[in-house]
Amino acid sequence: MNEFIYTKEAIEKLNIKDFRALKKWCNKNEVQIFSEEGSNRKYLIRMKFEHARLEKFIAYLKEEYGENWLDAFQVYMSMNITNVVEFEERKKVSFKKDVAVYKPLGKHEKDFL
């Protein structure tokens, strides 16, 4: 895999309109745009670009799976539906979220509830 991604390919992957939109996206996501000396071609570091693209998905996995988010990420990125189904079935059994139960403390709270 190439370690760089040219701006044209990045624009296509993000499904955005033009270089100005890419530049705005890169600034927002802290992805640096580079250019080679003596050339007008601009490129990004591929792994930094991919990480920025997947950041919301990673945040979702961290919220949903807690400490096991990396396992979930690897399963989903494998693009193997069998592994995903197996992982989700295991999740139902073992990754239950801890739900905080509110207990009223004072008399007024107890009367209200």
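Here goes a summary of the coordinates provided. Keep in mind that this is a model prediction, so the values were computed, not measured. (Residues numbered from 1 in each chain as written. Predicted model: local features only at pLDDT ≥ 70, side-chain atom pairs only at ≥ 80, totals over all residues. Heavy atoms only, no water.)

### What to know about the overall build of the chain
What counts is decided by this rule: Put simply, DSSP marks the helices as runs of H or I at least four residues long and the strands as runs of E at least two long, and each gets a number from the N terminus on. As defined in this context, the radius of gyration uses C-alpha atoms, and a globule is described by 2.2 Å times the residue total to the power 0.38. Contact between two residues is taken to exist if any of their heavy atoms lie within 4.5 Å; hydrogens are not considered. What sets the accessible areas is the Shrake-Rupley method with a 1.4 Å probe; for residues, cover comes only from the shown protein chains. We treat Lys and Arg as the positive residues and Asp and Glu as the negative residues; His and chain ends play no part in the count. Working definition for charges: the position is that of NZ of Lys, CZ of Arg, CG of Asp or CD of Glu.
A count of helical and extended segments in the chain gives 6 helices and 3 strands. In terms of overall dimensions, the chain is more spread out than a globule: its C-alpha atoms have a radius of gyration of 22 Å, far above the 13 Å expected for 113 residues. The principal-axis extent of the C-alpha atoms belonging to the chain is close to 75 × 40 × 20 Å. Contacts in the chain between residues at least 24 apart in sequence constitute 38% of all its contacts with a sequence separation of at least 6. When the accessible surface of the chain is totalled, it reaches about 9,400 Å², and 53% of it is carbon and sulfur. Of the charged side chains in the chain, 22 are positive and 19 negative, and the gap between their average positions amounts to 5 Å.

### Details of helix α3 (residues 46–65)
What counts here: Expected helix span is given by 1.5 Å per residue-to-residue step, counting one fewer step than there are residues. To get the bend at a given residue, fit one axis to the seven residues ending there, fit another to the seven starting there, and take the angle between those axes. Buried, partly exposed and exposed residues are distinguished by accessible area as a fraction of the type maximum, computed with a 1.4 Å probe on protein chains only: under 20%, between the cut-offs, and over 50%, respectively.
Taking 1.5 Å of rise per residue, 20 residues should cover 28 Å, and α3 covers 27 Å from first to last C-alpha, within 8% of that figure. Remark: the principal bend of α3, roughly 50°, maps to E55. Here α3 has its buried residues at R46, F49, E50, A52, L54, I58, L61, E64 and Y65. Looking one or two places after α3, you find G66, whose phi comes out positive at around 60°.

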